[in-house]
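What follows is each chain in one-letter form.
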Amino acid sequence: MNLEAFVLGCGGMMPLPYRHLTSVLLRRDGDLFLFDCGEGTQVSLKRLNLKWKKIDAIFISHTHADHVTGLPGILMLSSQVDRTEPLYIYGPPKIAEYIDSSRKVLDMYINYPIIVKEITAPCTVHEGDGFKIRAFPLQHTKTCVGYTLEESDRPGEFNVEKAKALGIPLGPMFGKLQRGETITLENGKTVQPQDVMGERRSGRKFSFVTDTMYIPTIAKEVQNSNLLICEGMFADDCEDQAKEKKHMTSRQAAKIARDSNSMRMAMIHYSPRYTDRDLDTLLKQAKEVYPNAELTHDRMIFDIPYVDDPKEKS
């Protein structure tokens, strides 16, 4: 099952000619999840040829303009197709008011259900087949939340040789054991799934953290992420400004990645004071704490394989 993250925009505060505002699309096979929806989101969706009409849910971190100004366009665009499935929108308090007022002022034509759920406490906000999405509190100048998508553990690998040695015939019994069912052979012998299955294997975890000052609890929430997309807005020389505005430096983002034992961390939501060339400074400072730190850029694509996938080991 494929899991991919598409960075639709990586900038903070204001869009630049070469940098849209923060937005990330996560694709898990047929499921599409949008995290934040800054200005320019539609442009990157189009350039990446992503099926925006199939977006299942949108997760908003907070209601500052640079994270929601792309939302009215997405809502209106979705009315241009024959959509019948509901669109779920999650976010902190006032996200419902923002959507309702936008619909009224713009006199939006909406021909599909929009279900808005406001987050008031850490919780699982969205679930599906084999995964759940959790929201947790961040600390910004207004109520803000981060999100994780975590997959359920997978069954262990089926050991064909063990099955043959136990006299299990090739066929439906193999499938029953793989589904966790106990079988009985013709000779009356009972075989348990654990007799032929390896240890359960972990699923994958994606985390999205932006617009917050550094707080140690973030690392606990994003523990063991396969991919952590994390704000790294400022360089070290702006640490006081970051604290005042309740943002993070790239070094602080790297500390979260290190302390959470994340496999990969890619920074996002850069201050507009930094040109793309200046971002090397942010990367250098982050790598001093967490060597696997990366920079995101608009329309960057991350493949998120299983840890036991050969691609992950290469």
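Residues numbered from 1 in each chain as written. Predicted model: local features only at pLDDT ≥ 70, side-chain atom pairs only at ≥ 80, totals over all residues. Heavy atoms only, no water.

Points about the packing of helix 9 (residues 250-259) against helix 10 (residues 279-287)
Phase 1: One can describe the packing of helix 9 onto helix 10 by two numbers: an axis separation of 8 Å at closest approach and a directional angle of 40°. Judged by the inter-axis angle, helix 9 sits oblique to helix 10. The way helix 9 lies across helix 10 gives a crossing that is right-handed. Contacts between helix 9 and helix 10 involve S250, R251 and A254 from the former and L282, Q285 and A286 from the latter. (Axes fitted to C-alpha atoms, helices over the stretch in contact; angles between N-to-C directions. Helix = DSSP H or I, 4+ residues; strand = E, 2+ residues; numbered from the N terminus. Parallel < 35°, antiparallel > 145°, perpendicular 65-115°, else oblique. Left-handed = near helix turned anticlockwise from the far one by under 90°. Contact = heavy atoms within 4.5 Å.)

Quick look at the confidence of the model for the protein chain
Detailed reading of the predicted coordinates is not advisable wherever pLDDT is low.
Phase 1: Per-chain confidence: the protein chain averages 92 in pLDDT, with 98% of residues scoring 70 or above.
Phase 2: This stretch, residues 310-314, has a pLDDT under 50; its non-local contacts, to residues over four places away or in other chains, come to seven contacts. (pLDDT = per-residue confidence, 0-100.)

Section: unusual backbone geometry
Phase 1: Positive phi, normally seen in glycine, also occurs at N224, with a value near 60°.
Phase 2: In this structure, K246 takes a positive phi of about 60° despite not being glycine.
Phase 3: Counting through the fold element by element, K246 comes out in the loop between helix 8 (239-245) and helix 9.

Here we look at the sheet that holds strand 1 (residues 3-9)
Phase 1: Spatially, 6-5-4-3-2-1-16 is the arrangement adopted by the seven strands of the open sheet, whose pairing is mixed. The open sheet has two free edges, formed respectively by strand 6 (114-118) and strand 16 (300-303), since each of these has just one partner strand. Ignoring strand direction, the axes of neighbouring strands in this sheet form an average angle of 20°.
Phase 2: Examined bridge by bridge, strand 2 (residues 23-28) and strand 3 (residues 31-35) share five bridges and lie antiparallel to one another. Residue pairing for strand 3: L25 is matched across the bridge by L34.
Phase 3: Against the sheet, helix 4 (residues 95-105) contacts strand 5 (87-91) and strand 6, and its axis sits at roughly 150° relative to strand 6. (Pairing = 2+ DSSP bridges.)

A closer look at the nonpolar core
Phase 1: Counting residues in hydrophobic clusters, the biggest one holds 60 residues, and the most contacted among them are Y147, F206 and M265.
Phase 2: When sequence neighbours within four positions are dropped, the list of residues in contact with F206 reads A5, V24, L26, F35, Y147, T148, L149, L227, I229 and I304.
Phase 3: In this structure, L34, W52, L87 and I110 belong to the second largest nonpolar core, which totals 25 residues. (Core = buried A, V, L, I, M, F, W, Y, C linked by side-chain atoms within 4.5 Å. Buried < 20%, exposed > 50% of the residue type's maximum accessible area, 1.4 Å probe, protein only.)

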